[in-house]
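Analysis of the macromolecular model
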Amino acid sequence: MTDHARNAGSAPASDGWTVTGTRTLAEDARARVDVVIRGRVEGRIDRGGGVDRLRFSVWDDGQELDFKIVDIPLGRSGMVTVRLGFEGNVAIEADGIGIAITAGSDANGERVFDLDPFFPDVAR
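Here goes a summary of the coordinates provided. Since this is a predicted model, take the numbers as computed values, not measurements.

A few words on the overall build of the protein. Of regular secondary structure, the protein possesses one helix and nine strands. Going residue by residue from the N terminus, the α and β elements of the protein occur as α-β-β-β-β-β-β-β-β-β. Buried positions account for 38% of the 124 residues belonging to the protein. In the protein, the share of contacts with a sequence separation of at least 24, taken over all contacts with a separation of at least 6, comes to 57%.

Right, let's talk about the environment of Phe56 for a bit. Within the secondary structure, Phe56 is located in strand E4 (residues 51–60). For the pair Phe56 and Ala100, spaced 44 residues apart in the sequence, the C-alpha separation amounts to 6.0 Å. What Phe56 contacts, discounting residues up to four positions off in sequence, is Trp17, Ile37, Asp66, Phe67, Lys68, Val70, Val80, Val82, Leu84, Ala100 and Ile101.

Turning next to the sheet that holds strand E8 (residues 111–118). Pairing is antiparallel across the open sheet formed by four strands, whose spatial order is E5-E4-E7-E8. Strands with a single pairing partner mark the edges of an open sheet, and in this sheet they are strand E5 (63–73) and E8. For this sheet, the mean inter-axis angle between neighbouring strands, taken without regard to orientation, is 10°. In this structure, E4 lies alongside strand E7 (residues 97–103), joined through six bridges in antiparallel fashion. For Arg55, the partnering residue across the bridge sits in E7 and is Thr102.

Here we take up the side chain of Arg55. Turning to its location among the elements, Arg55 is positioned in strand E4. A relative accessible area of 8% means that Arg55 is categorised as buried. Ignoring sequence-local partners within four residues, the contact set of Arg55 consists of Glu64, Phe67, Lys68, Ile69, Ala100, Ile101, Thr102, Gly104, Ser105, Asp106 and Ala107.

Tallied over the full model, the rule gives two aromatic pairs. Their ring planes at 75° and their centres at 5.6 Å tell us that Trp17 and Phe56 sit as a pair that is edge-to-face. Of this pair, Trp17 sits in strand E2 (residues 17–25) while Phe56 sits in strand E4, and the two are 39 residues apart along the sequence. Take Trp17: its relative accessible area is 3%, and that puts it in the buried class. Ring centres of Trp17 and Phe113 lie 6.5 Å apart, and the angle between their planes is 45°; this geometry places the pair in the tilted category. Of the two residues, Trp17 is situated in strand E2 and Phe113 in strand E8; the sequence distance between them amounts to 96 residues. Ring pairing ties together the aromatic residues Trp17, Phe56 and Phe113, which thus form one cluster.

About the cut-offs
- Residues numbered from 1 in each chain as written.
- Predicted model: local features only at pLDDT ≥ 70, side-chain atom pairs only at ≥ 80, totals over all residues.
- Heavy atoms only, no water.
- Helix = DSSP H or I, 4+ residues; strand = E, 2+ residues; numbered from the N terminus.
- Buried < 20%, exposed > 50% of the residue type's maximum accessible area, 1.4 Å probe, protein only.
- Contact = heavy atoms within 4.5 Å.
- Pairing = 2+ DSSP bridges.
- Axes fitted to C-alpha atoms, helices over the stretch in contact; angles between N-to-C directions.
- Phe/Tyr/Trp six-rings, centres within 6.5 Å; stacked < 30°, edge-to-face > 60°.

Okay, here's the thing in structure tokens:
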């Protein structure tokens, strides 16, 4: 199976994470990408203030275009849903977009999950 087929519009649970996304094309040739990341989190490492942190981000052509940091209380676990998005064209230099989850609040932290390339479904 090719990467295009496997990662088109939604990605199956990998390491406990599921990614879905759409790319909306407007009549004026502008585009909007929206991504939803779902998975189970557990607060294990105190990263300050009694919480663990994960940074969820979406990348395209080497640039981070949107991110959210989620605080997880130590000793707690549960499901999280994170919505990210950006306006602009996709795949100017490379195919698809990248989805990353890193430990802590730094974009260059230890990778917890990485999906690249990811191809959002196209909607009009």
